[in-house]
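The residues making up each chain are set out below.
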Amino acid sequence: QIQVVESGGGMVQSGGSLTLSCAASGPIYLMAVMGWYRQAPGKGPTFVAHQGTGGDPNYAEAVKGRFTITRDVAKNTVTLQMNDLKPEDTAVYYCSAHLQQTRSDRTRQYWGQGTQVTVSS
């Protein structure tokens, strides 16, 4: 059974920082991509950042220069360091893991339960 568990989040004032962490566990043959999405109140989920097994990470324009994603490939973990937070960053943040459970399995996307980030002005 694949589990994706987030931690971190909370409430912070505008300009502050928070760190989100995520760990995936279970029968994992290949973890292709780990990343973060967010869903603001009354809106659909949007991409924040992701990191493959190599190469540069990708970021949404809204968070470039403020957020940093770091992945530990060996541990199947990913963190999101969020600096200079703004009220518009308020959302539920979800960890995403694209993985194969076996060599013959197709890549599937798994989600964490979400963690609330609230930024006050």
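Provided above is the structure to which this section pertains.
Fair warning: this is a prediction, and the values are worked out from it, not measured in the lab.

A. Representation of the nonpolar core. Val4, Trp36, Val48, Phe67, Leu80, Met82 and Tyr93 are the most contacted members of the largest nonpolar core, which has 28 residues in total. Residue assignment for this core shows that the elements contributing at least two residues are β3 (18-25), β4 (30-39), β5 (45-51), β7 (67-72), β8 (77-82), β9 (91-100) and β11 (115-120). Aside from chain neighbours lying at most four places away, what touches Val48 is Trp36, Tyr37, Arg38, Asn58, Tyr59, Ala60, Val63, Phe67, Leu80 and Tyr93.

B. Representation of the sheet that holds β8. Read across the sheet, 4 strands follow the order β1-β3-β8-β7 without closing on themselves; strand pairing throughout is antiparallel. Pairing within the sheet leaves two strands with one partner each, and these edge strands are β1 (3-8) and β7. When strand polarity is set aside, the average angle formed by the axes of neighbouring strands in this sheet is 15°.

Parameters at a glance
- Residues numbered from 1 in each chain as written.
- Predicted model: local features only at pLDDT ≥ 70, side-chain atom pairs only at ≥ 80, totals over all residues.
- Heavy atoms only, no water.
- Core = buried A, V, L, I, M, F, W, Y, C linked by side-chain atoms within 4.5 Å.
- Buried < 20%, exposed > 50% of the residue type's maximum accessible area, 1.4 Å probe, protein only.
- Helix = DSSP H or I, 4+ residues; strand = E, 2+ residues; numbered from the N terminus.
- Contact = heavy atoms within 4.5 Å.
- Pairing = 2+ DSSP bridges.
- Axes fitted to C-alpha atoms, helices over the stretch in contact; angles between N-to-C directions.

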